[in-house]
Amino acid sequence: MLLLTRVVLLSALCAAALGCPRIISRSQWGARPPRGRVPLRTPVHYVIIHHTAGNRCYTQASCSQQVRGIQNYHMNTQRWPDIGYNFLIGEDGNVYEGRGWSTVGAHAKNWNSKSLGFSFLGTFTNGVPNTAALNAARSLIQCAVNRGFLSRTYTLKGHRNVNPTSCPGNALYRVISRWPRFKP
Ligand SMILES: [Zn+2]
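Residues numbered from 1 in each chain as written. Predicted model: local features only at pLDDT ≥ 70, side-chain atom pairs only at ≥ 80, totals over all residues. Heavy atoms only, no water.

**Focus: the packing of aromatic side chains**
And step 1. According to the stated counting rule, one finds 6 aromatic pairs in the structure shown.
And step 2. Ring centres of Tyr-46 and Trp-111 lie 4.9 Å apart, and the angle between their planes is 80°; this geometry places the pair in the edge-to-face category. With Tyr-46 in strand β2 (residues 44–51) and Trp-111 in the loop between β4 (95–97) and β5 (115–120), this residue pair connects regions lying 65 residues apart in the sequence.
And step 3. On the basis of an interplanar angle of 55° and a centroid distance of 4.4 Å, the ring pair of Phe-87 and Trp-101 is categorised as tilted. Within this pair, whereas Phe-87 is found in strand β3 (residues 87–89), its partner Trp-101 is found in the loop between β4 and β5, the two being separated by 14 residues in sequence. In terms of burial, Phe-87 and Trp-101 fall into one category: buried.
And step 4. An aromatic cluster of three or more residues is present, and its members are Phe-87, Trp-101, Phe-118 and Phe-149.
And step 5. Cation over ring: Lys-114 sits above Trp-111, and NZ or CZ is 4.3 Å from the ring centre. (Phe/Tyr/Trp six-rings, centres within 6.5 Å; stacked < 30°, edge-to-face > 60°. Helix = DSSP H or I, 4+ residues; strand = E, 2+ residues; numbered from the N terminus. Buried < 20%, exposed > 50% of the residue type's maximum accessible area, 1.4 Å probe, protein only. Lys NZ or Arg CZ within 6 Å of the ring centre and 35° of its normal.)

Right, here's the structure in full:
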């Protein structure tokens, strides 16, 4: 009985330590409804990291504004049914819900149906994202595993590893290439 109590307590502690980051829902950031959705077959095996190649943001208000602008660009100019990424990460330490866990993204040609696409808000060719954003991304990956959307034996990649692009920027690429389960 004592052992059981300790196991329950320990697993509760672990769940808290590996908790998901704060995720700003679509309604919270003011998303437009998608024109369509293709269900993603989960768990997927890959996480692909991007940068948006736009401006950095440090508050929920300014990151929400960035995300709305990206959604408009993807829907109006690219003519995609929704914002391309599954999630976006701000330097306010928040994660912004894009297509979410269960919808195929439009972020990495030929890889969308077998991956989750996470994009850092900003341009990280020279500078790296702040600690708040890096921690949020690490936590989001663990959250995806814990919730069964990402395989426990997942592989982490940068966008440049799967398509001809400089994304996610040289500086950010160097950071993620030292993270667990990264394979070019
Ligand atoms: Zn990219």
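**What to know about the coordination of the zinc ion**
And step 1. Only His-50 (ND1), His-159 (ND1) and Cys-167 (SG) from the protein coordinate the zinc ion, and they sit 2.0 to 2.3 Å from it.
And step 2. Ordering the donors of the zinc ion by residue number gives the pattern H-x108-H-x7-C. On the criterion of sequence distance, the pair formed by His-50 in strand β2 and Cys-167 in the loop between β6 (150–158) and α5 (170–176) is long-range, its members being 117 residues apart.
And step 3. Exposure remark for Cys-167: the relative accessible area of 8% places this residue in the buried category. (Donors = N, O, S within 2.8 Å, 3.2 Å for Na, K, Ca; no water.)

**What to know about the sheet that holds β3**
And step 1. In spatial order, the strands read β1-β4-β3-β5-β2-β6; together these 6 strands make up an open sheet with mixed pairing. Edge positions in the open sheet fall to β1 (23–24) and β6, since each of these has one partner strand only.
And step 2. Note that β3 and β5 share 3 bridges and pair parallel. Opposite Phe-87, over in β5, you have Phe-118 as the bridge partner.
And step 3. Strand contacts of helix α3 (residues 60–77): β1, β3 and β4, with the helix running at about 40° to β4, the strand carrying the most contacts.
And step 4. In this fold helix α4 (residues 131–146) packs onto β1, β2, β3, β4, β5 and β6, with an angle of close to 145° to the strand it touches most, β6. (Pairing = 2+ DSSP bridges. Contact = heavy atoms within 4.5 Å. Axes fitted to C-alpha atoms, helices over the stretch in contact; angles between N-to-C directions.)

**Here we look at the pattern of salt bridges**
And step 1. For the coordinates displayed, the defined rule picks out 2 salt bridges.
And step 2. Put simply, Asp-82 and Arg-26 hold a salt bridge, and the shortest N to O gap is 2.9 Å. Of the two residues, Asp-82 is situated in the loop between α3 and β3 and Arg-26 in helix α2 (residues 26–29); the sequence distance between them amounts to 56 residues.
And step 3. Judged by its relative accessible area of 2%, Asp-82 falls in the buried class. (Salt bridge = Lys/Arg side-chain N within 4 Å of Asp/Glu carboxyl O.)

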